[in-house]
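# Structural characterization, general
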Amino acid sequence: QKEVEQDPGPLSVPEGAIVSLNCTYSNSAFQYFMWYRQYSRKGPELLMYTYSSGNKEDGRFTAQVDKSSKYISLFIRDSQPSDSATYLCAMRVGNNDMRFGAGTRLTVKP
Amino acid sequence: DGGITQSPKYLFRKEGQNVTLSCEQNLNHDAMYWYRQDPGQGLRLIYYSQIVNDFQKGDIAEGYSVSREKKESFPLTVTSAQKNPTAFYLCASTPGLANNEQFFGPGTRLTVL
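The present account deals with the structure reproduced in this document.

This part takes up the nonpolar core. Counting 24 residues, the largest nonpolar core has W35(A), I72(A), L74(A), Y87(A) and M91(A) as the members making the most contacts within it. Of all elements in the fold, only β3 (19-25), β4 (32-38), β5 (45-51), β7 (61-66), β8 (71-76), β9 (85-92) and β11 (104-109) of chain A reach the threshold of two or more residues within this core. With 20 residues, the next largest nonpolar core counts I60(B), A61(B), F74(B) and V78(B) among its residues.

Pasting the structure below:
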């Protein structure tokens, strides 16, 4: 079993839809949870970062962490074609190595 | 304009050849990392370096080597011992190991012919 599981998709939605992206994990010690966005043939860039459980909102993006279920989510409201990218979840324990999900490829159609 | 540069963008190699991928950063970051990205798999850590002249193996170091002679530079050599080297290679840096935001370079696509 992988430490971090993420459905690779692809996921295709119409413009304006609410998008839900998810990851599950097996290591209950993970404390820090990140979402990265990666455009085609580019390096990932950090979107959201959450410590422990709870919600965090930044514009159209909301990150949720449910440590009891070992489940994290990223919601994108009013999705735009420019949101089309691969979204990677990542998590870590303290100063240890970061663990990445496989990434979900999202396409938002105009 | 601060950031991380990787070169070349595309690289082709014949089987049995060693090849070196470049990674340079002008962010004054202490820690640097090399990842490999394959379809359907998360980024996997090859090597990381916390400080000049020191580096540690990641999860998949076999067939790779690195050096860290300067703070700004962390080149990765893919040796002929690496059984399946075709992949997208990403270099990243952070101010320190405890920092959660990793700054990534644009990547190098290596293809073995």
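That was the structure; now back to the text.
Turning our attention to the sheet that holds strand β7 (residues 64-66) of chain B. In a beta sheet, neighbouring strands pair by backbone hydrogen bonds and run either parallel or antiparallel. Residues and elements named next belong to chain B. The antiparallel open sheet is built from four strands, whose spatial order is β1-β3-β8-β7. Edge strands, defined here as strands with exactly one partner in the open sheet, are β1 (4-7) and β7. Sheet twist, expressed as the mean angle between neighbouring strand axes with direction ignored, is 20°. Where β1 meets strand β3 (residues 19-25), four bridges bridge the pair, whose relative direction is antiparallel.

Let us now look at the pattern of salt bridges. Two side chains bearing opposite charge may form a pair once their charged atoms approach each other closely. All names here are of chain A. If you walk through the whole model with that rule in mind, you get eight salt bridges over all chains. The salt bridge partner of E3 is R99, with a shortest N-O separation of 3.0 Å. In this pair, E3 sits in the segment before β1 (4-5) while R99 sits in strand β10 (residues 99-100), placing the two residues 96 residues apart along the sequence. Under the relative-accessibility criterion, R99 is labelled partly exposed at 23%. Between D83 and R60 there is a salt bridge, and its shortest N-O distance comes to 2.8 Å.

Cut-offs used in this document
- Residues numbered from 1 in each chain as written.
- Chains lettered and ligands numbered in written order.
- Predicted model: local features only at pLDDT ≥ 70, side-chain atom pairs only at ≥ 80, totals over all residues.
- Heavy atoms only, no water.
- Core = buried A, V, L, I, M, F, W, Y, C linked by side-chain atoms within 4.5 Å.
- Buried < 20%, exposed > 50% of the residue type's maximum accessible area, 1.4 Å probe, protein only.
- Helix = DSSP H or I, 4+ residues; strand = E, 2+ residues; numbered from the N terminus.
- Pairing = 2+ DSSP bridges.
- Axes fitted to C-alpha atoms, helices over the stretch in contact; angles between N-to-C directions.
- Salt bridge = Lys/Arg side-chain N within 4 Å of Asp/Glu carboxyl O.

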